[in-house]
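Listed below are the residues making up each chain.
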Amino acid sequence: MNLYFRLFWLFVWRLRRISAIGFLETSRMAHRVWPSDCDINMHLTNARYPALMDLGRTYMLAEMGQLKPLLKLKWLPVVNASEFTFIKDIKPLQPFHLDTRVLGWDEKYFYIEQRFVSDRGLHAIANVRGLFVCKGRKISSQELVAQVGFDGVAPQLPAAVEEWKLMLQRKKEENL
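For every chain, the first residue of the written sequence is number 1, and numbering continues from 1 onward in sequence order. Thresholds applied to this predicted model are a pLDDT of at least 70 for local features of residues and 80 or more for the giving and counting of side-chain atom pairs; totals over whole chains, interfaces and linings are not thresholded and use all residues. Only heavy atoms go into the side-chain values, all of them from the structure, while hydrogens and water stay out.

One finds Phe-116 and Leu-144 to be the most contacted residues of the largest nonpolar core, which totals 35 residues. Each helix corresponds to a stretch of at least 4 residues labelled H or I by DSSP, and each strand to a stretch of at least 2 residues labelled E; elements are numbered beginning at the N terminus. Where this core is concerned, the elements lending two or more residues are helix 2 (48-63), helix 3 (67-72), strand 3 (95-105), strand 4 (110-118), strand 5 (121-134) and helix 4 (141-148). Considering each element in turn, this core owes the most residues, eight residues, to helix 2. With near-sequence residues (within four places) excluded, Phe-116 lies in contact with Tyr-49, Leu-52, Met-53, Ile-90, Phe-96, His-97, Leu-98, Gly-121, Leu-122, His-123 and Ala-124. Definition of nonpolar core: a set of buried residues of the types Ala, Val, Leu, Ile, Met, Phe, Trp, Tyr and Cys, connected through side-chain atoms within 4.5 Å. Here's how the labels work: a residue is buried when its accessible area is under 20% of the maximum for its type, exposed when over 50%, partly exposed in between, all with a 1.4 Å probe on protein chains only. Only heavy atoms enter the contact rule, under which two residues are in contact if any of them lie within 4.5 Å.

Following this line, the structure appears as C-alpha cells:
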C-alpha cells in the first residue's frame, strides 16, 4: 500500500512541481524511510530499493519532459537486469534522496545508475539495464535517443558497467 501512495503522490503532486533536466543530467528525488519500509533489522529493507528505483526512473523521465510523450507512443520501459551494492543501512524516518542518471547505451539497452544518498553519505548504488518496448517490439536505443531529441555523442560506459555487461552475456550463454 505504501508504494501505491508514493506512486499517487508522484503523479498527482510531484510531477506538477518538477524541474527540467537534460537527457544526461542527474534527477534527484527526495524520500523518507517510513516504518512500513523497514524489515526486522529496523532499516530500509532490501526489497524496497527496486520499487523506489522504479519511481526514481519514472521521475527522471518526467524531469526530462519525456514521460508523457513516451506514454502517448505506448513505449513502456522494461528492466532487463540490475545489480546492487549496499554500503550502509538507511534508518527508520531518515530522509534520503535517490539520484538517477543515464550512464549510456549500446545498440539495445540503456544503462542507468541509481544512488541512495543521505546526510550520512552513500547508502547504496545500483545499475539498471533496460529498454523500451511497444506492442512486443523492442525500441532500439537509436530510436529512443532520436525521440528524446538528444543529438550528442553517447557517453562511454564506466569500466565496471562494461564488465557487468560481459558477465550478463556469459550468464546468458551458459544457461541457454
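What follows deals with the environment of Phe-5. Relative to the assigned elements, Phe-5 resides in helix 1 (residues 2-12). Taking relative accessible area as the criterion, Phe-5 reaches 51% and is therefore assigned exposed.

Every helix has an expected span of 1.5 Å times one less than the residues it contains. The terminal C-alpha atoms of helix 5 (residues 159-175) lie 25 Å apart, and with 17 residues this matches the ideal 24 Å at 1.5 Å per residue to within 8%. Within helix 5 the residues assigned to the buried category are Val-161, Trp-164 and Leu-168. Summarising the axial view, the buried residues of helix 5 lie within an arc of 55°, below the 170-degree limit, and thus occupy one face. Within helix 5, the exposed residues directed more than 90 degrees away from the buried face are Ala-159, Glu-163, Leu-166, Glu-173 and Glu-174. Packing partners of the buried residues in helix 5 comprise strand 2 (76-86), strand 3, strand 4 and strand 5. Our arc is simply the arc of the directions from the helix axis toward the C-beta atoms.

This part takes up the pairing of strand 4. Here strand 4 lies mainly inside the structure; eight of its nine residues are buried. For two strands to pair, DSSP has to find at least two bridges joining them. The turn joining strand 3 and strand 4, which pair antiparallel and follow one another in sequence, is formed by four residues. Note that strand 4 and strand 5 share nine bridges and pair antiparallel. In the sheet register, Phe-110 faces strand 5, and the bridge partner there is Gly-130. The hairpin turn running from strand 4 into strand 5, its antiparallel successor, is two residues long.

Note that all results are geometric; they support no functional claim without further evidence.
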